[in-house]
Amino acid sequence: MAASFDLDGRVVVVTGALGQLGSCFVKALLEAGARVAALDALDDPARVRDLFGEANEGRLMVLKADVTSKPELRAALARIEAAWGAPYGLINNAAIDSPPGAPAEENGPFETYPDASLDKMLSVNVKGVMFCCQVFGAAMAKAGKGSIVNIASIYGMVSPDQGLYQYRRDAGEDFYKPVGYSVTKSALFNLTRYLAVYWGAKGVRTNTLTFAGVFANQDPRFLEPYTRKVPLGRMAEPEDYEGPVVFLMSDAARYMTGANMVVDGGFLAM
Ligand SMILES: NC(=O)c1ccc[n+]([C@@H]2O[C@H](COP(=O)([O-])OP(=O)(O)OC[C@H]3O[C@@H](n4cnc5c(N)ncnc54)[C@H](O)[C@@H]3O)[C@@H](O)[C@H]2O)c1
């Protein structure tokens, strides 16, 4: 049984690999035995060294690739195939959200949500994921096996609770958690189902992995009411999400496709 969780040299592509969660997934996948191609739009050697160090026994390749650029994705695939052969896995993790400190018009009312913000969200969070599936997923289908994981969010399944941000409105800001992130994360559920059907016979599984909020020193006025909505009583630590990622890349998940695996501390249970 334990052997079915072993990734044993499988080549896995992680996008957004220099971020808070992506970097954890890279380390967890390496630990589980995979060879990892870590892609990010950032080209930041110092950060790469901080995150992953120097020693990786030839099992880690860090590549600059923007998910909105097919030429950059194709170039990354060529490098990966030349070194290791076809990828087995793809973790579509790169995404953008509106940070709490984004310009007022972006974090303002729905009625005036800027066109440019929506375009950018759609471009990275939806088109970028589709581009990666077209480039890496196609290589996996050609090889006859693989696993794609699309990282979604509870805010793609339910609306953000705008009450959690009341403290900012009380302080005089016209603040609302904006719509762009929710809409784009929501799109991934049916991309997952589409590809599960489209590539099922080719041996490529596609699943969505839905996460809840990760602790990042949020304002206590947000943290306290948010945490009350989580049956497990805390926000996630990045490490909470490593096991599900490794599982979906492994043979232990071999009969799972088209599904949405929710890992949220129970947030959606109430
Ligand atoms: N952090 C959370 O609370 C949370 C909750 C639910 C879901 N998620 C999801 O988890 C995933 C990772 O989130 P995170 O918190 O680690 O984010 P993060 O901002 O820490 O990391 C995102 C990474 O993606 C990279 N990136 C951005 N645009 C890119 C592009 N066009 N091409 C390639 N790389 C690009 C960034 O450089 C960054 O390294 C996202 O899909 C996010 O929606 C996060």
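Just above, that's the structure.
Every chain begins its residue count from 1, and numbering advances along the sequence as written. Two thresholds apply to this predicted model, a pLDDT of at least 70 for residue-level local features and 80 or more for giving and counting side-chain atom pairs, whereas whole-chain, interface and lining totals are computed over all residues. For side-chain calculations, the full set of non-hydrogen atoms in the structure is used, while hydrogens and water are omitted.

Caption draft 1: Spotlight on the overall build of the protein. Elements are defined by DSSP. Helices are runs of H or I of four residues or more, strands are runs of E of two residues or more, and each kind is numbered from the N terminus. A count of helices and strands for the protein gives eight helices and seven strands. A compact globule built from 270 residues should have a C-alpha radius of gyration of about 18 Å, and the protein, at 19 Å, falls within 12% of that. When its C-alpha atoms are laid out on the principal axes, the protein stretches across 55 × 40 × 40 Å. Buried, partly exposed and exposed residues are distinguished by accessible area as a fraction of the type maximum, computed with a 1.4 Å probe on protein chains only: under 20%, between the cut-offs, and over 50%, respectively. Classification of the 270 residues of the protein by burial places 50% in the buried group. Accessible surface area values rest on a Shrake-Rupley calculation with a 1.4 Å probe, where residue burial reflects the displayed protein chains alone. For the protein, the exposed surface amounts to about 12,700 Å²; the carbon and sulfur share of it is 55%. Every radius of gyration here is taken over C-alpha atoms, with the globule rule written as 2.2 Å times N^0.38, N being the number of residues.

Caption draft 2: View of a nonpolar patch on the surface. Residues Met157, Val158 and Val262 make up a contiguous nonpolar surface patch of roughly 210 Å² in combined accessible area. Following the sequence through the fold, methionine 157 ends up in the loop between strand S5 (146-153) and helix H5 (166-170). Exposure above 30% relative accessible area and the lack of any salt bridge qualify a residue for a patch; like charges then connect within 9 Å, and the nonpolar side chains Val, Leu, Ile, Met, Phe, Trp and Tyr within 5 Å. One side-chain nitrogen of Lys or Arg within 4 Å of one carboxyl oxygen of Asp or Glu is enough to make a salt bridge.

Caption draft 3: Quick peek at the site of the ligand. Any residue with a heavy atom lying within 4 Å of a molecule or strand is counted as near it. Leu21, Asp40, Asn93, Tyr181 and Lys185 are the nearest of the 24 residues found near the ligand. Residue alanine 41 places a main-chain N or O atom 3.2 Å away from a nitrogen atom belonging to the ligand. The term polar contact refers here to a pair of N or O atoms within 3.5 Å; inside protein, the definition further demands a hydrogen-donor-capable atom paired with an acceptor-capable atom, and it admits residues adjacent in sequence only when both atoms are side-chain atoms. Here a nitrogen atom of the ligand and a side-chain polar atom of aspartate 66 are 2.8 Å apart. Protein burial of the ligand: of its 830 Å² of free accessible surface, 80% is covered by the chains. Most atoms of the ligand, that is more than half of them, are within 2 Å of grid points of the largest pocket. In the cavity and pocket records, a cavity denotes points on a 1 Å grid over the protein atoms alone where a 1.4 Å probe fits but cannot get out, a pocket denotes an open set with protein on both sides within 12 Å along at least 5 of 7 lines, and lining residues are residues with an atom within 4 Å of a point. A cavity or pocket is said to hold a molecule if more than half of that molecule's atoms lie within 2 Å of its grid points.

Caption draft 4: The arrangement of the nonpolar core in detail. Core analysis: the largest hydrophobic core is formed by 51 residues, its most contacted members being Leu29, Ile91 and Tyr226. If we ignore the near neighbours within four places in the chain, the residues touching tyrosine 226 are Ile154, Tyr155, Leu164, Ala212, Gly213, Met235 and Phe267. The next biggest cluster of nonpolar side chains, apart from the first, holds 31 residues, and it includes Val11, Leu90, Phe136 and Ala141. Residues enter a nonpolar core if they are buried and are Ala, Val, Leu, Ile, Met, Phe, Trp, Tyr or Cys, with the set joined through side-chain atoms within 4.5 Å. Working rule for contacts: check all heavy atoms of both residues, and any pair within 4.5 Å makes them a contact.

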